[in-house]
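Coordinates in review
If you want the building blocks of each chain, they are given just below.
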Amino acid sequence: MSAEVTATNLPRKLGRYRLIRLLSKGGMAEIYEARRESNFGVEPKVAIKVIQPSRTHDKAFRELFITEAQVGSTLEHQNLIQIQDFDQADNQFFLVMEYIEGMTLHRVIRISRHVGVVLPEGIIAEIGRQLCDGLHHAHRTSTPEGVPLGLVHRDIKPANLMISPQGVVKVLDFGLSSATIAPEKKGSVRGTWGYMAPEQMRGDKVTARTDIYALAAVLYELATLTPLFPNRKSSVVITEAERDEGARRANKLGPEYARLKPILVRALQRDPNARYRTAEEMGRALAELVPELLMAREQIIELQNTIMNFVSGGRPYAPPIVFEENDALDDALLKDNQKPKAGIWFPLILIPLLVCIVVFGIFQKPQETSSINLQDAEVLSTDLGDRYALPIAEPSEEANTDDLMPPEIPQAPRQRNSSNRQSLPTPPLEVPPVQTPTAGNVEPVQSGLITVAADRPAKIFINGQYVREAPLINYALTEGEHRIILARSSDVTQRKVFHAVIQSGQNRLYHWSFEEERWLRHE
């Protein structure tokens, strides 16, 4: 009998393919990087999915695997993974797919939450628009004879959605899909808890609107970096979904997602008939939030590059295609990049002590100007725990968010509510460097200084760019309004976001208390 494919006997042949390395391993199947061999040295890179050795003789699973190949072979769309071949060798079935150098949305969300990268409304809308295009194509696909497949993916989740280096978003893994060519037992429930629509959880008939619900749950998670249903216990998810808790949570999204919010609320309705009729209809609604498609694609590419820079610490790092996420790899790299270099322990200990002494002295001024009226100075938003302050220069006036957001992502006016939690920050903006005059008739750039501190260890981001750990003392900023984020180092979902108006020659000071959720000092 031929040897089974395992990670320890690579590289090896499987039919006309040469398996190079194991990319991922799940409970049902394994994914390998491979090369298709030829007599002329042309060896295109592919991804090969094989059934787990323990499942090789499982008739039901073999039938699912064959169905996945049959369904996938009918799908030809840039936003759907392409099936290239299906064969059997060495007593093993295997599925050949296009190889994608990219990262899944699971990884995007996980690393973004870890390092404080945030996703703006326009990028989320473009990701959703592309996925709607792919799903609509799948939903209306027919057999070669023209018979509608009635295809429903049934397992839309972040780990099954991937972004390519070119900014193209793809739907992966139709292994749990429902189609007319694959009849199954009535009442069967297949999918992932937390992303299944209510009718799917009940074992009722699934339709295109079932995938629309799951996609909306993913888009919500991109916006909040938190799952729509954090408790994945089946009984809890069923109860919350039946009570329309998903739509209610989407309705609490902050003002920076003002136009995305109604789209998600509609898509997350418990009643399928209240959702969008087709993925195409939902995609058109999302397209209204994407004023320039080419720019949105470039922003997705830049987002991916930013995240990978965090993981690799600036070193070259090309993640493989990953269907089941390799979280341990990311954890190891992130942990390694956060280690201080050898030989600098003494400065690392001494400098913070000196800084604390200086900051402590600064903050011991009279307290009559150290508090602000939170009732007047803050508008509130989502589920993630913090607040948006209005522009500090005008604490008693309502913020004009149209002026605070990038021009390509128009925002609705801010709304006050009584929540004590904060929405995520808006998209990264470039910080103009503070220039110094040189010889000749060069006019110096007007700038001021800012000091930012917190009562807990926190990271400081200015205009979407990470600056350093707090405190930040006498940092030069160009004249004008700047968006500043204080994110707790131990939990970056706890944030304070505010806007500072810098004037030439001015020195601004801000000290935030995460413990008391108020300003200790600002001036």
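Residues numbered from 1 in each chain as written. Predicted model: local features only at pLDDT ≥ 70, side-chain atom pairs only at ≥ 80, totals over all residues. Heavy atoms only, no water.

What about the overall build of the chain?
Looking only at helices and strands, one finds 14 helices and 19 strands in the chain. When burial is assessed residue by residue, the chain has 51% of its 523 residues classed as buried. Contacts in the chain between residues far apart in sequence, at least 24 positions, make up 65% of those at least 6 positions apart. A total accessible area of about 23,900 Å² is found for the chain, and carbon and sulfur atoms account for 52% of it. (Helix = DSSP H or I, 4+ residues; strand = E, 2+ residues; numbered from the N terminus. Buried < 20%, exposed > 50% of the residue type's maximum accessible area, 1.4 Å probe, protein only. Contact = heavy atoms within 4.5 Å. Areas by Shrake-Rupley, 256 points an atom, 1.4 Å probe, with all protein chains shown as cover.)

A few points about the packing of aromatic side chains
Within the structure shown, the criterion is met by eight aromatic pairs. Note on Y17 and F94: the rings are 5.9 Å apart at their centroids and 80° apart in plane angle, and the pair reads as edge-to-face. Linking Y17 in strand β2 (residues 17-25) with F94 in strand β6 (residues 92-98), this pair joins segments that are 77 residues apart in sequence. Its relative accessible area of 1% is what places Y17 among the buried residues. Residue F94 is classed as buried on the basis of its relative accessible area, which comes to 1%. Relative to W519, the ring of F498 lies with its centre 4.9 Å away and its plane at 85°, an arrangement referred to as edge-to-face. You can see F498 sitting in strand β17 (residues 495-502) and its partner W519 sitting in strand β19 (residues 518-522), a full 21 residues away along the chain. On the basis of relative accessible area, F498 is assigned to the buried category, the value being 0%. When its relative accessible area of 0% is taken as the criterion, W519 is described as buried. Aromatic ring contacts, followed pair by pair, group F498, Y510, W512 and W519 into a single cluster. The positively charged end of R266 is found above the aromatic ring belonging to Y276, 4.2 Å away from the centroid. (Phe/Tyr/Trp six-rings, centres within 6.5 Å; stacked < 30°, edge-to-face > 60°. Lys NZ or Arg CZ within 6 Å of the ring centre and 35° of its normal.)

Re helix α9 (residues 279-287)
A279, E281, M282, G283 and L286 are the residues of α9 that are buried. The secondary structure elements touched by the buried residues of α9 are α3 (121-139), α5 (208-224) and α8 (260-267).

Side note on unusual backbone geometry
Residue P471 is bonded to the preceding A470 through a cis peptide linkage, with omega at 5°. Looking at where P471 falls in the secondary structure, it is placed in the loop between β14 (465-469) and β15 (472-478). A positive phi angle, close to 75°, is found at R154, a residue other than glycine. Relative to the helices and strands, R154 is located in the loop between α3 and β8 (161-163). Within the chain, D244 stands out as a residue other than glycine whose phi angle is a positive 60°. Among the secondary structure elements, D244 is positioned in the loop between α6 (234-242) and α7 (245-250). Judged by relative accessible area, which is 19%, D244 ranks as buried.

Observations regarding the pattern of salt bridges
Applying the stated rule across the entire model yields 26 salt bridges. In this structure, R21 engages E33 in a salt bridge whose closest nitrogen and oxygen atoms are separated by 2.5 Å. Taken as a pair, R21 in strand β2 and E33 in strand β3 (residues 29-36) lie far apart in primary sequence, twelve residues in all. Put simply, R284 and E280 hold a salt bridge, and the shortest N to O gap is 3.8 Å. With R284 and E280 both in helix α9 and four residues apart, the pair spans about one turn of that helix. Since its relative accessible area comes to 39%, E280 is described here as partly exposed. (Salt bridge = Lys/Arg side-chain N within 4 Å of Asp/Glu carboxyl O.)

Some details on the environment of K233
Looking at the secondary structure, you find K233 in the loop between α5 and α6. Here the alpha-carbon distance between K233 and G194, two residues 39 residues apart in the chain, equals 8.5 Å.

Notes on the sheet that holds strand β12 (residues 447-454)
The strand order β15-β12-β18-β19 describes an open sheet built from four strands, whose pairing is mixed. At either margin of the open sheet sits one strand with a lone partner, and together these are β15 and β19. On average, each strand axis in the sheet is tilted by 25° relative to the strand beside it, whichever way the strands run. Direction of pairing for strand β18 (residues 507-513) relative to β19: antiparallel, over a ladder of four bridges. By the bridge assignment, W512 is partnered in β19 with W519. (Pairing = 2+ DSSP bridges. Axes fitted to C-alpha atoms, helices over the stretch in contact; angles between N-to-C directions.)

A few points about the side chain of H137
Topologically, H137 is positioned in helix α3. A distance of 3.4 Å separates the side chain of H137 from the backbone oxygen of E76, its partner in a polar contact. Beyond its immediate stretch of four places on either side in the chain, H137 contacts L75, E76, H77 and L80. (Polar contact = N/O pair within 3.5 Å; in protein donor to acceptor, adjacent residues only side chain to side chain.)

Quick notes on α5
Every α-helix winds through 3.6 residues per turn, so residues three or four apart in the chain are directed the same way. Helix length check: α5, at 17 residues, gives a terminal C-alpha distance of 25 Å against a target of 24 Å (1.5 Å per residue), a fit within 8%. Burial within α5 is extensive, with 16 of its 17 residues counted as buried. Of the residues trailing α5, L225 is marked for its positive phi of about 60°. (Expected span 1.5 Å × (residues − 1).)

Overview of the environment of Q78
Examined against the element boundaries, Q78 turns out to sit in the loop between α1 (59-73) and β5 (83-89). On the accessibility criterion, Q78 (48% relative accessible area) is partly exposed. Setting aside residues no more than four positions away along its own chain, Q78 makes contact with V168, V169 and K170.

Brief notes about the packing of α5 against α9
The interhelical angle for the contact between α5 and α9, taken along N-to-C directions, is 30°, at an axis separation of 10 Å. The pairing of α5 with α9 is recorded here as roughly parallel in orientation. Considering the relative orientation of α5 and α9, their crossing is right-handed. From α5, I212, L215, A216 and L219 reach across to α9, where they touch A279, M282 and L286. Across the contact of α5 with α9, the residue classes tally to seven nonpolar, no polar and no charged. (Parallel < 35°, antiparallel > 145°, perpendicular 65-115°, else oblique. Left-handed = near helix turned anticlockwise from the far one by under 90°. Nonpolar A, V, L, I, M, F, W, Y, C, P; charged D, E, K, R; others polar.)

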